[in-house]
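Notes for the structure review
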Amino acid sequence: MLGGMGDVARAGGRRIEYKWLVGITFVLGLIMQILDITILNVALATLGREFGVGAATLQWVLTGYMISLAVFIPSSGWIADRFGSKRTFQFAVVVFTVASVLCGMAGEMWMLVAARVLQGVGGGMLVPVGQAMLFRAFPAHERAKAGAVLSIPITIAPTLGPVLGGVLVEYASWRWIFFINVPVGALTLLFTVLFLREERRDHPGRFDLPGFVLAGAGLAALLFGLDQGAQLGWTRPEVCSSLAAAVLLVSGLVWRELRVAEPMLDLRLLGGRLFGTGNALLLCQTAAMFGVLFLLPLYLQDLRGVSPMQAGLVLMPQAVSMLAVTQVISRVYGRVGPKRLLLAGFAVQLCVAVALQLVGAGSSLWFLVGLLVVQGAAMGLLMTPLQTATFARVEPAQMGQASSMFNVSRQVATALGTAIVATVLVVVTSHEMSTVERSVPGQVVAAQMAGYHGAFLTAVLFALLGLVLTTRVRDADAAPPLVGAHRERAPQPIDAG
C-alpha cells in the first residue's frame with residue numbers, strides 16, 4: 001500500500017518531515033548518477049590512451065551504458081509497483097555503486113564496457129523510481145517544491161562534473177572518476193534504509209514480457225541509431241538498420257501496449273492533454289538546452305583551446321543562476337500558473353539562442369558567461385513548471401508508470417537533441433570548409449565558427465516549437481489537483497486560464 005504523507009522522522013535530534021527525507025535521498029542518488037556521466041566525458045581521451053583503443057571502441061563505454069538504461073527505464077515502474085519502491089531504489093543504488101567499483105578496477109576495455117552496462121541497470125531504475133517516490137511524498141499542491149528539489153542535482157552535478165573530472169584525471173587517476181561514486185552511493189543507501197518507507201501497489205498486474213522486450217529493444221535501437229548517426233553519418237548501413245528496427249519495434253510496442261489490459265509502459269497516459277503536452281515540451285526544452293550545453297564545451301575546448309576544467313568554470317555561473325531562479329519559481333508557481341512561466345522560459349531561451357549568433361572565435365568569455373547566466377534563468381523558468389504541470393493530474397497509483405514514461409521521453413529527447421545538433425554542426429562545418437583555403441588559418445576558424453552558428457540555430461527552432469506547444473497548456477488543467485489543498489494553506493490559488 002502507498003503510505004500517507006506528512007510523516008516526520010528524527011534525524012540528528014531534529015524532526016524532519018518525510019517528504020524532505022525522500023528529497024534528500026533522491027538528490028544524493030541523482031547526483032551520483034549525473035556526476036558519473038559528466039565526469040566520464042572529460043576522461044574519455046585518457047581512457048583511450050590507457051587501454052590503447054580508438055574512438056570507435058571507446059564509444060561503447062558510453063553506448064553500452066545508454067543501451068542498458070534504455071532497457072530498464074520502461075520496466076522500472078512495474079518493478080517498483082511489484083516489489084516496492086524502497087526495495088527497488090535500494091537495489092538500484094547497490095547495483096550502480098558496485099558497478100562503479102568494477103569500472104574503477106577494470107583492467108581491460110571489455111571489463112569496463114561490461115561494468116558500464118551493469119551501471120546502466122542501476123541507473124535505469126534509480127531515476128524514475130526515485131522521482132515517483134518524490135512526487136508521491138509531496139502533496140499535490142507542493143509538487144512545485146518537489147521540482148525545486150530535483151533542480152539541485154540536475155544543476156549541480158553537470159557543473160561540477162567537468163571540473164571534478166579534470167582534477168581527478170590530472171592529479172589522481174582515471175579510476176577515481178568511478179571510485180568517487182562509492183561514498184555517495186553508501187550515503188544514499190544509508191538514508192534509504194534508515195528513513196524511507198516501503199511503497200507498493202496491491203495489484204501491480206502481470207509482468208508484460210512482450211511489452212518489456214519491445215520497449216527495451218525498441219528504445220535501445222532508437223538511441224543507438226541516433227547516437228551512431230550523429231557520429232558516423234545517417235547513410236551508414238548500421239545506422240539505417242538500427243533506425244528501421246526501432247521503427248518496427250516501437251510500432252509493435254504501441255500496438256501491444258494500447259491493447260493489453262496491464263501494459264509494461266502505459267502509453268494511454270500520453271492521451272491526457274497535460275501529460276502528453278508535457279512530454280512534448282520536454283523534448284523542446286531538452287533539445288533547446290542541448291543546442292547550447294552540448295556545443296559550448298566543444299566551442300571552448302576545440303576552438304578556443306580552453307581546458308576541460310576551465311570550461312567547467314565558465315559554465316558554472318549558469319548553474320548558480322538556474323538554481324536561484326528555480327527556488328523562486330517553486331514559490332510563485334501556485335500564483336502564476338505553469339503557462340506563463342513556460343512561455344517566459346522558452347522566450348528567454350529563444351533570446352539566448354539568437355544572441356549566440358554574436359559569439360565569435362575571439363569573443364570575450366565574460367560575454368559568454370553573461371549569456372549562460374541568462375540561459376540558466378531560462379532553464380530555471382522551465383524546469384519546475386514543466387515537471388509540476390506534467391504530473392499534476394497523475395494519481396499516486398500511476399506515478400511509477402508516469403515517471404517511467406517521462407524518463408523514456410527524457411532519454412529520447414536527449415539523444416535526438418544531441419543527434420540533430422551534432423549533425424548540423426558537422427554538415428555546416430563541412431560545407432564551409434569546402435569553400436575555404438585550408439592553408440589560411442583565419443578562414444578555417446571562420447568556417448568552424450559558421451558550423452557552430454548553424455548548430456546554435458537548432459536551439460532557436462526548438463524554442464519556437466516550445467512556445468507554440470505551450471499554448472496547449474491550460475492553467476485550469478493543472479489547477480484541480482492543487483486548488484483544494486492550496487486554498488487551505490495559502491490565499492491565492494492558481495489562476496485559471
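Residues numbered from 1 in each chain as written. Predicted model: local features only at pLDDT ≥ 70, side-chain atom pairs only at ≥ 80, totals over all residues. Heavy atoms only, no water.

1. Let's talk about the overall build of the chain
Within the chain one finds 19 helices and 2 strands. Taken over C-alpha atoms, the radius of gyration comes to 22 Å for the chain, in line with the 23 Å a tight globule of 497 residues would show. Once the C-alpha set of the chain is aligned to its principal axes, its extents read approximately 70 × 50 × 50 Å. When burial is assessed residue by residue, the chain has 54% of its 497 residues classed as buried. The long-range fraction of contacts in the chain, counting pairs at least 24 apart against all pairs at least 6 apart in sequence, stands at 82%. (Helix = DSSP H or I, 4+ residues; strand = E, 2+ residues; numbered from the N terminus. Rg over C-alpha atoms; globule rule 2.2 N^0.38 Å. Buried < 20%, exposed > 50% of the residue type's maximum accessible area, 1.4 Å probe, protein only. Contact = heavy atoms within 4.5 Å.)

2. Regarding the side chain of T326
Note on placement: T326 falls in helix α13 (residues 308-336). Not counting chain neighbours up to four residues away, the residues in contact with T326 comprise G147, A148, S151, G380 and T384.

3. Section: the nonpolar core
With 98 residues, the main nonpolar core has F26, L47, L112, L126, L134 and F391 as its most contacted residues. Counting 24 residues, the second-largest nonpolar core is a separate cluster that includes L372, V421, L425 and A455. (Core = buried A, V, L, I, M, F, W, Y, C linked by side-chain atoms within 4.5 Å.)

4. As for the layout of surface pockets
Roughly 350 Å³ of internal volume is contained in the second largest pocket. Lining of the second largest pocket is provided by 16 residues; of these, V250, L267, M405, V408 and V412 occupy positions nearest its centre. When residues of the lining of the second largest pocket are traced back to their parent elements, those giving at least two are α9 (209-232), α10 (237-257) and α16 (399-433). Split into classes, the residues belonging to the lining of the second largest pocket amount to 14 nonpolar, 2 polar and no charged. (1 Å grid on protein atoms, 1.4 Å probe; cavity = no way out; pocket = protein on both sides within 12 Å on 5 of 7 lines; lining within 4 Å. Points joined across faces, edges and corners; volume = space filled by probe spheres on them. Nonpolar A, V, L, I, M, F, W, Y, C, P; charged D, E, K, R; others polar.)

5. So, a nonpolar patch on the surface
Judged by side-chain polarity, V94, V98, L102 and L118 come together as a nonpolar surface patch covering roughly 280 Å² of accessible area. Tallying contributions element by element places helix α4 (residues 85-105) first for the nonpolar patch, with 3 residues. For V94, the position within the fold is in helix α4. The class of V94 is partly exposed, set by a relative accessible area of 37%. (Patch = residues over 30% accessible without salt bridge, like charges linked within 9 Å, V, L, I, M, F, W, Y side chains within 5 Å. Areas by Shrake-Rupley, 256 points an atom, 1.4 Å probe, with all protein chains shown as cover. Salt bridge = Lys/Arg side-chain N within 4 Å of Asp/Glu carboxyl O.)

6. Quick notes on helix α12 (residues 295-303)
For an α-helix the count is 3.6 residues per turn, leaving residues at separations of three or four pointing the same way. Taken residue by residue, α12 has L295, L296, P297, Y299, L300 and L303 as its buried positions. Taken from the residues just after α12, G305 is the one with a positive phi, measuring 75°.

7. Let's talk about the environment of T435
Its place among the elements puts T435 in the loop between α16 and α17 (441-470). Sequence spacing of T435 and A447 is 12 residues, and the spatial spacing of their C-alpha atoms is 8.6 Å.

By themselves these figures say nothing about function.
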